[in-house]
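# Structural features, examined
Each chain, written out:
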Amino acid sequence: MAGSSFSAVAGGRPPLFATEKPKRMVAYRLYAGTIFAGILLIWVYRATHIPPRDSSSLGWRASLGLLVAEVLFGLYWVLTLSVRWNPMLRTTFKDRLTESYGEDQLPSVDIFVCTADPALEPPMLVISTVLSVMAYDYPPEKLNVYLSDDAGSAATFYALCEASEFAKHWIPFCKNYKVEPRSPAAYFAEAATPHDSCSPQELLRMKDLYRDLTDHVNSVVHSGKIPEVPECNCRDFSVWNETVTSEDHPSIVQILIDRNKRKAVDVDGNVLPQLVYMAREKRPQEKHHFKAGSLNALIRASSVISNSPVILNVDCDMYSNNSESIRDALCFFLDEEQGQDIGFVQYPQNFENVVHNDIYGNPINVVNELDHPCLDGWGGMCYYGTGCFHRRETLCGQIYSKDYKEDWARGVGTAENADELERMSKALVTCTYEHDTLWGIEKGVRYGCPLEDVITGLQIQCRGWRSVYYNPVRKGFLGMAPTSLGQILIQHKRWSEGFLQISLSSYSPFILGHGKIKLGLQMGYSVCGFWALNSFPTFYYAIIPSLCFLGGVSVFPEITSPWIIPFGYVAVAAYSCSLAESLQCGDTAVEWWNAQRMWFFRRTTSYLLAAIDAIGEMLGVSESGFDLTVKVSDSQALERYKKGKMEFGPISGMFVILSTIALFNLVCMVVGLGRVLWIEGAEGLGPLFLQALLCVAIVAVNAPVYEALFFRKDSGSLPSFVTLISLCFVSSLCLQAI
């Protein structure tokens, strides 16, 4: 490492974190320069080798389209330089944090967990996440955990009540034996625990307690009936009646663990973190703004109950995997010299259910270890909606100024009585509270965009705050990656559509961020912002060169031409660098290849449809929505995933596009190669070599599609109806080459 920077304070507390720059950047910048030169030569070739209009009509139109596509590819590549150009690596000093502040002076922390559907997000998954954040290695009297249940589910509330009792055993068990991870579901799923010092009897006792908890909760979920429970404030089920539904229910706020009560202690007699259940009011006639509305309700409710200066929000399937994550985040906020303007600390997303050589390219090690540190280097890591620590004031619209002073001692409620706190909080989470206010506009999480988290983070940065990316050796949070192609494509459609909506609106980083954030950060946001638009040249490249190959029309340099060098160099160098980066970050070559396949699939389906929908919404002909990612999968699909079989599932327009491209390129490869070799022999392949190579590459990438179309008979394969539709499209395309 080079360029280490320490925030030493003369006469004050020692620095709590260090910033370093990696040495590899000189080599990367030289490589990028050669790639850019190659791109310029490709542009020159294309502009000077467009056939005259009186020649082959297909060749003229194809070459003109390829010029546009290659210019767009090149401009997009320039944008991607921003996420490699200026990396920053962070190191925290948690021992100094304890020495400088002690346990008593550490700030209190509010932790938000959001769930929206007990069917798609099972209650046991949710409470395992809740228990993991309750068990942080942090003073429990300074922890306040909130579960927002947008469905207002009695089963989820029951599960949380049961979890509050189990926590009295689980939290001391974790702290006494330094358990990692502190999600009971994840911990007990591990086959062996050699790092633990607890006795086999103690481990068995905890397993039995957790099994009882799981049985009780799952029994209620399956039966839909809440068992008889003692009447007490923390188990008041009277609000749930036949009129309550997931889309129509009143405000519910219940403090399940109240620190002001003496009995709110664990089995060792230590105080427990405060635990709060919240279901904001929802009515069919009122907009609820999905997760953004839920987070804003949590911000208001928590301001009455605990009002901590630091807020962590996690998705219900993203459990804490590192019990020291809070202390790491505070090293950034509390650093006296460099922490004053840090608005939020973002941890990367990582997944626990990813198998070796994952067929969907789910490992995102390159993104986490190479891309995100560069955004951090421009002073503004994106806010990704989970695994993020915020200063409360940044979420409430606070503009940073040099004379700003944080009150780290805040965090005491305005009333000590739990009933009074609940009453006051309910008034703040009604469905009409936000009417004629700045909530969702200038305060809280932004409304009106599928990616409310990203645009919120951008607004915070434009108010003068910096953000920090922190990727510790032991991952801070682990979640569940989708394990079917349909889920992944839908998820990426939502993301890419949201990014494009931001980029084409007044909230574009080039407009909103002009003069407020660095140009490199504006470009970094736009890499994702133009995912969707980049689908058009990709789709064109997947069809037109192959179509021309089928018709014997050359649109690339001949193999003996010197002009083939920039095309070959850019392709070979770019993919070689990509493979080297993947291997450097711990991926296998198979995982890299699978990631390339998914890159192609997403660009030709998710991003393409996202671009069409986003443009349609701008023109007023379509409306965006919110698709909740499924957190469960059936056992057969899971077994196929573990065996490396791609799960397609129900028919989808995206699958028709994938099948059409796959079948079309297969026809072009077979017929095109056969025609050239039969009529002209191997010499005739010279002018068409690059097209043949591109066609073969697309066929190779689509191997799982052919398997699902022709060979597999399980429920995860593609139905014959998709094949018929695709063949109709392929036939019409092939006629264009005749």
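Residues numbered from 1 in each chain as written. Predicted model: local features only at pLDDT ≥ 70, side-chain atom pairs only at ≥ 80, totals over all residues. Heavy atoms only, no water.

## Observations concerning the packing of aromatic side chains
Here the structure, examined in full by the defined rule, presents 37 aromatic pairs. Between phenylalanine 166 and tryptophan 170, the ring centres sit 5.9 Å apart and the planes meet at 20 degrees, which makes this aromatic pair stacked. You can see phenylalanine 166 and its partner tryptophan 170 sitting in helix α6 (residues 154-177), four residues apart, about one turn around the helix. Take phenylalanine 166 and tryptophan 170: they sit in the same class, and that class is buried. With a centroid separation of 6.2 Å and 75 degrees between ring planes, the pair formed by phenylalanine 173 and tyrosine 187 is classed as edge-to-face. Placement of the pair is phenylalanine 173 in helix α6 and tyrosine 187 in helix α7 (residues 184-189), with a sequence separation of 14 residues. Accessibility classification places phenylalanine 173 together with tyrosine 187 in one group, the buried group. In textbook terms, an aromatic cluster arises when at least three aromatic residues are bridged by ring pairs, as seen for Phe166, Trp170, Phe173, Tyr177, Tyr187, Phe188 and Tyr210. Seen from the ring of tryptophan 60, arginine 53 lies directly overhead, with NZ or CZ sitting 4.3 Å from the centre. Sitting over the ring of phenylalanine 93, arginine 96 keeps its end group 4.1 Å from the ring centre. (Phe/Tyr/Trp six-rings, centres within 6.5 Å; stacked < 30°, edge-to-face > 60°. Helix = DSSP H or I, 4+ residues; strand = E, 2+ residues; numbered from the N terminus. Buried < 20%, exposed > 50% of the residue type's maximum accessible area, 1.4 Å probe, protein only. Lys NZ or Arg CZ within 6 Å of the ring centre and 35° of its normal.)

## Notes on the environment of aspartate 587
With respect to the helices and strands, the residue aspartate 587 is situated in the loop between α19 (564-584) and α20 (589-604). Once the C-alpha coordinates of aspartate 587 and lysine 642 are considered, the two residues, 55 residues apart in sequence, prove to be 17 Å apart. Residue contacts for aspartate 587: discarding those within four places in its chain leaves Pro363, Asn365, Val366 and Ser582. Within the structure, aspartate 587 has its side chain in polar contact with the side chain of asparagine 365 (distance 2.7 Å). (Contact = heavy atoms within 4.5 Å. Polar contact = N/O pair within 3.5 Å; in protein donor to acceptor, adjacent residues only side chain to side chain.)

## Quick word on the pattern of salt bridges
Inspection of the entire model under this criterion finds 31 salt bridges. Arginine 327 is the salt-bridge partner of glutamate 103, the closest N and O atoms lying 3.1 Å from each other. Separated by 224 residues along the polypeptide, glutamate 103 in the loop between α4 (94-101) and β4 (109-115) and arginine 327 in helix α10 (residues 325-333) bring together distant segments of the chain. Owing to a relative accessible area of 33%, glutamate 103 belongs among the partly exposed residues under this scheme. (Salt bridge = Lys/Arg side-chain N within 4 Å of Asp/Glu carboxyl O.)

## What to know about the environment of valine 83
For valine 83, the location among the structural elements is in helix α3 (residues 82-85). A C-alpha to C-alpha distance of 6.0 Å links valine 83 and leucine 375, two positions 292 residues apart in sequence. Beyond its immediate stretch of four places on either side in the chain, valine 83 contacts Leu370, Asp371, Cys374, Leu375, Gly524 and Val527.

## Overview of the pairing of strand β5 (residues 143-149)
Along a regular strand, successive side chains alternate from one face of the sheet to the other. Of all seven residues in β5, seven are buried, a share of seventy percent or more. Of the two faces of β5, both are covered, the one formed by Leu143, Val145, Leu147 and Asp149 as well as the one formed by Asn144, Tyr146 and Ser148. Looking at chain direction, β4 and β5 are connected through seven bridges and run parallel. Pairing of isoleucine 111 across the sheet is with valine 145, part of β5. Handedness of the β-α-β unit built from β4, helix α5 (residues 123-134) and β5 comes out right-handed. By the bridge criterion, five bridges tie β5 to strand β7 (residues 274-279) in an arrangement that is parallel. Bridge pairing in β7 links valine 145 to leucine 275. (Pairing = 2+ DSSP bridges. Right-handed = clockwise from strand over helix to strand, strands pointing away.)

## Description of the sheet that holds strand β14 (residues 477-479)
Pairing between the strands of a sheet is mediated by backbone hydrogen bonds and can be parallel or antiparallel. Pairing within the open sheet is mixed, and its three strands lie in the order β9-β14-β11. Of all the strands in the sheet, just β9 (319-320) and β11 (350-351) have a single pairing partner and so form its edges. As paired strands, β11 and β14 are joined by two bridges and run parallel to one another. Bridging from a neighbouring strand, asparagine 350 pairs with leucine 478 of β14.

## Considering unusual backbone geometry
Residue glutamate 180 is joined to proline 181 through a cis peptide bond whose omega torsion reads -5 degrees. Locating proline 181 in the fold gives a position in the loop between α6 and α7. Non-glycine residue lysine 178 carries a positive phi angle of around 50 degrees. Relative to the helices and strands, lysine 178 is located in the loop between α6 and α7.

## As for the side chain of lysine 493
By the element assignment, lysine 493 lies in helix α15 (residues 485-503). Since its relative accessible area comes to 18%, lysine 493 is described here as buried. In this structure the side chain of lysine 493 is engaged in a polar contact, spanning 2.7 Å, whose partner is the side chain of aspartate 613. For lysine 493, the residues in contact, after removing those within four places along its chain, are Ser606, Leu609, Ala610, Asp613 and Met654.

Note that every value here comes from positions in space, so none of it alone points to a role or purpose.
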